[in-house]
Amino acid sequence: MADFCTAALNSGILKQLRHQSVELWTVQAKAPVTDLELGRRSIISHDMIEQTRYRTREGMKTTVRKGKAAGGIACGYCIKLEYDAKGDRIPGLRESKDEEAEIIRWIYQQYVLGRSPQELATELNDRVPPVPGPQGAPWRDTTIRGDRRRHQKAPRHFCLRGFLISHINSGCGGRI
């Protein structure tokens, strides 16, 4: 169904270009693009994207099954540089950054006591010196609260709670 929709969308674009007296040409065939060729190319392109998506997800699942991190780095962690016998860096290893981890523990403690994410962000930014947030940006309530559907950020962030998840489907919020 997605292949049909993609081909129909591309066909519509081709029709609009033709209406404006614009022709698309292929480099390989050195000829104008036909409806049939456009449909064929869009289906092949869609199939390649699906294969890449599948391989990426399977690779992430395998990495998590090995007990390693498959995604970005959560606040309070950094990349652990460890090398195998060949001298190659072992990917997916993380270690705790003590200063940031202490802030994350403090956020959890205050959150449990009933303080709002807005209050916590204000206090972290008002400290002297201010506590830098993730990527050095100021703290915001959304940085602390996170997105319920995507299970991100403290206190909902899986990684900060000790879980490794291979992939979170941002469309429906389900774990894969």
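Asker: Quick one: what's the story with the overall build of the chain, residue by residue and with numbers?
Answerer: The helix and strand tally for the chain stands at 5 helices and 2 strands. The secondary structure elements of the chain, listed N-terminal to C-terminal, are α-α-β-β-α-α-α. Expressed as a percentage of contacts within the chain between residues at least 6 apart in sequence, the contacts between residues at least 24 apart total 32%. Accessible area of the chain: about 12,400 Å², with a carbon and sulfur share of 55%.

Asker: So what's going on with the packing of aromatic side chains? Residues and values would help.
Answerer: The relative placement of two aromatic rings is captured by the distance of their centres and the angle of their planes. All told, the structure shown has 0 aromatic pairs when counted by the stated rule. If you follow arginine 127 out to its NZ or CZ, it ends over the ring of tryptophan 106, 4.6 Å from the centre.

Asker: Before we move on, can you summarise the environment of aspartate 84 with the specific residues and values?
Answerer: As for its position among the elements, aspartate 84 is in the loop between strand S1 (77–79) and strand S2 (94–96). The class for aspartate 84 is partly exposed, based on a relative accessible area of 34%.

Asker: Could you give an account of the confidence of the model for the chain, with specific residues and numbers?
Answerer: Scored by pLDDT, the chain has a mean of 76; 77% of the residues are at 70 or more. Put simply, helix H1 (residues 2–19) is where the chain has its lowest mean pLDDT, 67, and helix H4 (residues 117–126) is where it has its highest, 90. For the stretch residues 169–176, pLDDT sits under 50, and the model shows 15 contacts to residues farther than four places along the chain or on other chains.

Asker: Any details on the pattern of salt bridges? Residues and values, ideally.
Answerer: Going through the model one piece at a time under the given rule, you end up with 10 salt bridges. Between glutamate 82 and lysine 80 there is a salt bridge, and its shortest N-O distance comes to 3.4 Å. Ionic pairing is found between arginine 127 and glutamate 123, a salt bridge with its closest N-O pair at 3.9 Å.

Asker: Account for the environment of threonine 34, naming residues and giving values.
Answerer: Following the sequence through the fold, threonine 34 ends up in the loop between H1 and helix H2 (35–65). C-alpha separation for the pair threonine 34 and glutamate 23, spaced 11 residues apart in sequence, amounts to 9.7 Å. The contact partners of threonine 34, leaving out residues within four places of it in the chain, are Leu14 and Arg18.

Asker: Describe in detail unusual backbone geometry, supporting the description with residues and values.
Answerer: In this chain, valine 128 is followed by proline 129 through a cis amide linkage whose omega measures -10°. Counting through the fold element by element, proline 129 comes out in the loop between H4 and helix H5 (141–145). Within the chain, serine 21 stands out as a residue other than glycine whose phi angle is a positive 60°. Assignment of secondary structure puts serine 21 in the loop between H1 and H2.

Asker: If you had to explain a nonpolar patch on the surface to someone new, which residues and values would you point to?
Answerer: Among the surface-exposed residues, Ile73, Ile79, Leu81 and Tyr83 lie close enough to one another that they form a single nonpolar patch of about 400 Å² accessible area. Tracing the backbone through its elements, the reader meets tyrosine 83 in the loop between S1 and S2.

What counts and how
All chains use their own residue numbering, which begins from 1 and follows the written sequence. Given that the model is predicted, a residue must reach a pLDDT of at least 70 before its local features are reported, and side-chain atom pairs must reach 80 or more before they are shown or counted; all residues, however, enter totals for whole chains, interfaces and linings. Based on all heavy atoms of the structure, the side-chain values leave hydrogens and waters out of the count. Helix and strand assignments come from DSSP, with helices taken as H or I runs of at least 4 residues and strands as E runs of at least 2, each series counted from the N terminus. Throughout, a contact is declared for two residues whenever any of their heavy atoms are within 4.5 Å. The method behind every accessible area is Shrake-Rupley, applied with a 1.4 Å probe, and residues are considered shielded solely by the protein chains displayed. Two rings from Phe, Tyr or Trp (for Trp, the six-membered ring) form a pair when their centres sit within 6.5 Å of each other. Planes less than 30 degrees apart are called stacked, planes more than 60 degrees apart edge-to-face, and all others tilted. By definition here, charges over rings are those cases where NZ of Lys or CZ of Arg is within 6 Å of the ring centre and within 35 degrees of the ring normal. Only protein chains enter the accessibility calculation, which uses a 1.4 Å probe; a residue is then buried when its area is under 20% of its type maximum, exposed when over 50%, and partly exposed in between. A residue's pLDDT is the predictor's confidence in that residue, given on a scale from 0 to 100. A pair is scored as a salt bridge if a Lys or Arg side-chain nitrogen falls within 4 Å of a carboxyl oxygen belonging to Asp or Glu. Only residues whose relative accessible area exceeds 30% and that form no salt bridge enter a patch; like-charged residues are grouped when within 9 Å of one another, and nonpolar side chains (Val, Leu, Ile, Met, Phe, Trp, Tyr) when within 5 Å.

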